[in-house]
Protein chains: 2
Amino acid sequence: MNTGIVRKLGERIRQGERRSLARAITLLESTLDPHRGEAEALLADVLPAAGRSIRLGITGVPGVGKSTFIEALGYRLAESGHRLAVLTIDPSSVISGGAVLGDKTRMGKLSSHPGVFIRPSPTGGSSGGVARRTRESILLCEAAGYDIIMVETVGVGQSELRVAGMTDFFILLLLPASGDELQGIKRGVMELADLILVNKADGDLDTVARRTVSDYQQAVGLIQPRTPGWKAPVLAVSALQDEGLGKVLETIHRFQAQDRESGLIEQRRSEQGREWLRQEVHDGLMDLCNREPEFVQLFRQFETEVCAGRLAATVAARKLVSDITRSKRAS
Amino acid sequence: MNTGIVRKLGERIRQGERRSLARAITLLESTLDPHRGEAEALLADVLPAAGRSIRLGITGVPGVGKSTFIEALGYRLAESGHRLAVLTIDPSSVISGGAVLGDKTRMGKLSSHPGVFIRPSPTGGSSGGVARRTRESILLCEAAGYDIIMVETVGVGQSELRVAGMTDFFILLLLPASGDELQGIKRGVMELADLILVNKADGDLDTVARRTVSDYQQAVGLIQPRTPGWKAPVLAVSALQDEGLGKVLETIHRFQAQDRESGLIEQRRSEQGREWLRQEVHDGLMDLCNREPEFVQLFRQFETEVCAGRLAATVAARKLVSDITRSKRAS
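What this report covers is the structure whose coordinates are included nearby. Computed from a prediction, not measured in an experiment: that's the story for all the values here. (Residues numbered from 1 in each chain as written. Chains lettered and ligands numbered in written order. Predicted model: local features only at pLDDT ≥ 70, side-chain atom pairs only at ≥ 80, totals over all residues. Heavy atoms only, no water.)

A few points about the overall build of chain A
Helix and strand content of chain A: 14 helices and seven strands. A buried classification covers 55% of the 331 residues belonging to chain A. Of all intrachain contacts in chain A linking residues separated by at least 6 positions in sequence, the fraction that spans at least 24 positions is 76%. Summed over all atoms, the accessible surface of chain A reaches about 14400 Å², with 52% contributed by carbon and sulfur. (Helix = DSSP H or I, 4+ residues; strand = E, 2+ residues; numbered from the N terminus. Buried < 20%, exposed > 50% of the residue type's maximum accessible area, 1.4 Å probe, protein only. Contact = heavy atoms within 4.5 Å. Areas by Shrake-Rupley, 256 points an atom, 1.4 Å probe, with all protein chains shown as cover.)

In structure tokens, the structure reads:
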């Protein structure tokens, strides 16, 4: 590992140099072992400069208008002097509606703003994979001076949970339609939301949108709020017509103000750190089982026995764990 | 470990001796290290006699009438000559409606039937905990000659996923009411179901129940079936009035018949074995981090650093994994 290069890269990131930031994120995403070492050195280097942003998570099913929403809200923020980083899931690599528009025309107006950094992350097949590097990317963006970070995720699978677990404020976008069954929104996702927006509240859909708002306001009342003392507001917006976004910003500011008194964000981040470590240790250990040839072979042998019903998985697992680790207890 | 005692216990289980079966499950549930060794030896001993049953998973929110349903269906099965084991979550240890009735009056009629074995398992606080020993308990019950195993879980948290992952046929009980939001049923759970029953289709609720059935029939049509070629039927039943249960049994038999041609259950069990092993290895590794004093201390140190934002979790995790394992790769 070339520590000189890493230190130089860290310095440039702290100076807010966009190209270095982009290169550093590519380094984070690399799966090559030497890159991983450099990425970790870089993280250690920039960490003291990270943490000073509000992290917004944004989710919703494909077609709900996430890109349009991020573009509209982001533009307002950038124009009012904020430095905004948007970390999105690469639409070309998921079966999402976004792919239709193609990578380049997506958020065209926003991406050319000098105060804005947009980074699509390849999903790499697993939602866990995205999140793993997205957390680190947030830290780099913060070190580069971005004070608002938006993390976009598609509303499928486990990715919302991951993104909610790395952001301060989680926004759920819905389509105007009644009942969550139709929208494919899981109740669990609703429980994560700090703000629920019914998008496309314009033209023909306006009436349906208002009804959806009142449906969800009722539903939110039945749910234990994620943040004590904060009941997620449900608002109608039209990202396309740029309507209702002022209220969205107001809501975020109100959340921040409430937090300043209670220290909630700090507490949330501390808990997230604990959870992140657990997740990483888990992933690291499972990676070993999947990658280290000696362990892979062992795993396969046991797997055959377990699948054939000749060995209980608990017994096999104890043997495997004892073989993998230095523990005296497991053996 | 006393291998003689373990072998004797295994023999008695295979002879169908109820008290030995009960004692063996208690052994499985013990968290003491020497007991764990005995439990594993016992599992290895009875495993060849296990596997010959149909495993039914049953879930639904508290108050849906799971106990009444299991009692009614179970009684029919027992009366027709089946040997039935019911593994339930101990109602005294969860915040479920079942607790109101108390432990003893629950399924009173069923529990006194000579062909029936009922075992409540303490949840031990974590749904993962239940499932971990429940899988093993299924194997013991099968070795004891029970040809129908029912595993009951409350419709909250991750437990349905676990139970669906250890059973051949998964039944979801619903209340007569429209919309899944009201019922707290997660879409994901619906996707696991091989059969959906709207219970309490009697008296005043009959009309609502029929409407609920048609609502869910529609919803099921939108969902990719868990079992290829099997669209989950939605039926109205009244466990209390013993109505509609004949059709439930017919459906289970139809599923078994379809399986005999396609070998689906065998395939499902093989996949479940693989998943079970993964889960156990994961749990075993995480247990080490939580229990082995040396690792616990290490984990806490890193945790403090990560929570304070002084260390990236990825960096901490790699160090931890390398300390815990014998891997050359991680170090």
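Quick look at the relation of the copies chain A and chain B
If you rotate chain A by 179° and push it 0.0 Å along the axis, it lands on chain B with an RMSD of 0.1 Å. On the angle and the small slide along the axis, the relation comes out as a two-fold axis. Within chain A, Thr-325 of chain A has its C-alpha nearest the rotation axis, a separation of 2.0 Å. Most of the interface of chain A is mirrored in chain B, where 100% of its interface residues are also at the interface. (Least-squares fit on C-alpha atoms with pLDDT ≥ 70 in both.)

Side note on the pattern of salt bridges
Residues and elements named next belong to chain A. Inspection of the entire model under this criterion finds 28 salt bridges over all chains. In this structure, Glu-29 engages Arg-119 in a salt bridge whose closest nitrogen and oxygen atoms are separated by 3.1 Å. Here Glu-29, found in helix α2 (residues 18-29), pairs with Arg-119, found in strand β3 (residues 116-121); they are 90 residues apart in sequence, far enough to count as distant. Residue classification places Glu-29 among the partly exposed positions, given a relative accessible area of 22%. With its nearest N and O atoms 2.9 Å apart, the salt bridge here joins Asp-206 to Arg-210. (Salt bridge = Lys/Arg side-chain N within 4 Å of Asp/Glu carboxyl O.)

Notes on the interface of chain A and chain B
Chain A puts 56 residues into the contact, and the matching count from chain B is 57 residues. Both faces considered, chain A and chain B share a buried interface measuring about 5600 Å² in area, 62% of it formed by carbon and sulfur atoms. Connecting chain A to chain B are four salt bridges. Across the salt bridge formed by Glu-303 of chain A and Arg-274 of chain B, the nearest N and O atoms sit 3.5 Å from each other. Linking chain A to chain B there are four residue pairs in polar contact (both at pLDDT 80 or more). Put simply, the parts of the chain that give the side of chain A that touches chain B at least two residues each are α3 (33-46), α6 (127-143), α8 (180-183), α12 (264-291), α13 (293-307) and α14 (313-324) of chain A. It is α12 of chain A that contributes the most residues to the side of chain A that touches chain B, 16 residues altogether. Each residue belonging to the side of chain A that touches chain B can be placed in one class, and the counts come to 25 nonpolar, 10 polar and 21 charged. (Buried area = accessible area lost by both parts, 1.4 Å probe. Polar contact = N/O pair within 3.5 Å; in protein donor to acceptor, adjacent residues only side chain to side chain. Nonpolar A, V, L, I, M, F, W, Y, C, P; charged D, E, K, R; others polar.)

Considerations on the packing of α2 of chain A against α3 of chain A
Residues and elements named next belong to chain A. Packing of α2 against α3 leaves a shortest axis separation of 8 Å and a crossing angle of 130°. As far as their axial angle goes, α3 and α2 are oblique. Along this stretch, α2 crosses α3, giving a crossing that reads as left-handed. Residue-level inspection shows Ala-24, Leu-27 and Leu-28 of α2 in contact with α3, the latter providing His-35, Arg-36, Glu-38, Ala-39, Leu-42 and Leu-43. Looking at the contact of α2 with α3 residue by residue, the class counts come to six nonpolar, one polar and two charged. (Axes fitted to C-alpha atoms, helices over the stretch in contact; angles between N-to-C directions. Parallel < 35°, antiparallel > 145°, perpendicular 65-115°, else oblique. Left-handed = near helix turned anticlockwise from the far one by under 90°.)

Digging into unusual backbone geometry
The residue Asp-242 of chain A is not glycine, and still its phi comes out positive at about 60°. Within the fold, Asp-242 of chain A resides in the loop between β7 (234-236) and α11 (245-262). Its identity as a non-glycine residue notwithstanding, Lys-200 of chain B has a phi of 65°, on the positive side. Along the chain, Lys-200 of chain B turns up in the loop between β6 (195-198) and α10 (206-221). According to the relative accessible area criterion, Lys-200 of chain B is partly exposed, its value standing at 29%.

Re helix α4 (residues 66-79) of chain A
Residue and element names in this part refer to chain A. Taking 1.5 Å per residue as the helical rise, α4 with its 14 residues ought to reach 20 Å, and the 20 Å between its terminal C-alpha atoms agrees with that figure. Most of α4 sits out of view: 10 of its 14 residues are buried. Three or more residues of α4 are buried, namely Lys-66, Ser-67, Phe-69, Ile-70, Glu-71, Ala-72, Leu-73, Gly-74, Leu-77 and Ala-78. Count one or two residues on from α4 and you reach Gly-81, which has phi positive near 100°. (Expected span 1.5 Å × (residues − 1).)

Quick look at the packing of α11 of chain A against α12 of chain A
Residues and elements named next belong to chain A. Contact geometry of α11 with α12 gives a least axis separation of 6 Å together with a crossing angle of 80°. With respect to α12, the element α11 is oriented roughly perpendicular. Residues Phe-255, Asp-259 and Ser-262 of α11 form the contact with α12, whose participating residues are Leu-264, Ile-265, Glu-266 and Arg-268. Across the contact of α11 with α12, the residue classes tally to three nonpolar, one polar and three charged.

Quick notes on the side chain of Lys-66 of chain B
Residues and elements named next belong to chain B. You can see Lys-66 is positioned in helix α4 (residues 66-79). Glu-152 provides the closest opposite charge to the buried, unpaired Lys-66, separated from it by 4.6 Å. Excluding its chain neighbours within four sequence positions, the residues that come into contact with Lys-66 are Ile-58, Thr-59, Gly-60, Val-61, Glu-152, Thr-153, Val-154 and Leu-173. (Lys, Arg positive; Asp, Glu negative; His and termini not counted.)

Focus on the packing of aromatic side chains
Throughout the structure, instances matching the rule amount to eight aromatic pairs over all chains. For the ring pair Phe-169 of chain A and Phe-255 of chain A, a centre distance of 4.8 Å and an interplane angle of 70° mean the geometry is edge-to-face. You can see Phe-169 of chain A sitting in strand β5 (residues 169-174) and its partner Phe-255 of chain A sitting in helix α11, a full 86 residues away along the chain. Grouping residues by exposure puts Phe-169 of chain A and Phe-255 of chain A together as buried. Each ring, one from Trp-230 of chain B and one from Phe-255 of chain B, has its centre 5.0 Å from the other, and the planes form 90°; the classification is edge-to-face. Here Phe-255 of chain B lies in helix α11 (residues 245-262) and Trp-230 of chain B lies in the loop between α10 and β7 (234-236), a separation of 25 residues in the sequence. Ring-pair connections join several aromatic residues into one group, and the members of that group are Phe-169, Trp-230 and Phe-255 of chain A. One Lys or Arg, Arg-83 of chain A, reaches over the ring of Tyr-146 of chain A and ends 4.2 Å from the middle of that ring. If you follow Lys-109 of chain B out to its NZ or CZ, it ends over the ring of Tyr-75 of chain B, 4.1 Å from the centre. (Phe/Tyr/Trp six-rings, centres within 6.5 Å; stacked < 30°, edge-to-face > 60°. Lys NZ or Arg CZ within 6 Å of the ring centre and 35° of its normal.)

Details of the nonpolar core
Leu-140, Leu-277 and Val-281 of chain A together with Leu-140, Leu-277 and Val-281 of chain B are the most contacted members of the largest nonpolar core, which totals 106 residues. If we ignore the near neighbours within four places in the chain, the residues touching Leu-277 of chain A are Phe-299, Phe-302, Glu-303, Val-306, Ala-313, Ala-316, Ala-317 and Leu-320 of chain B. (Core = buried A, V, L, I, M, F, W, Y, C linked by side-chain atoms within 4.5 Å.)

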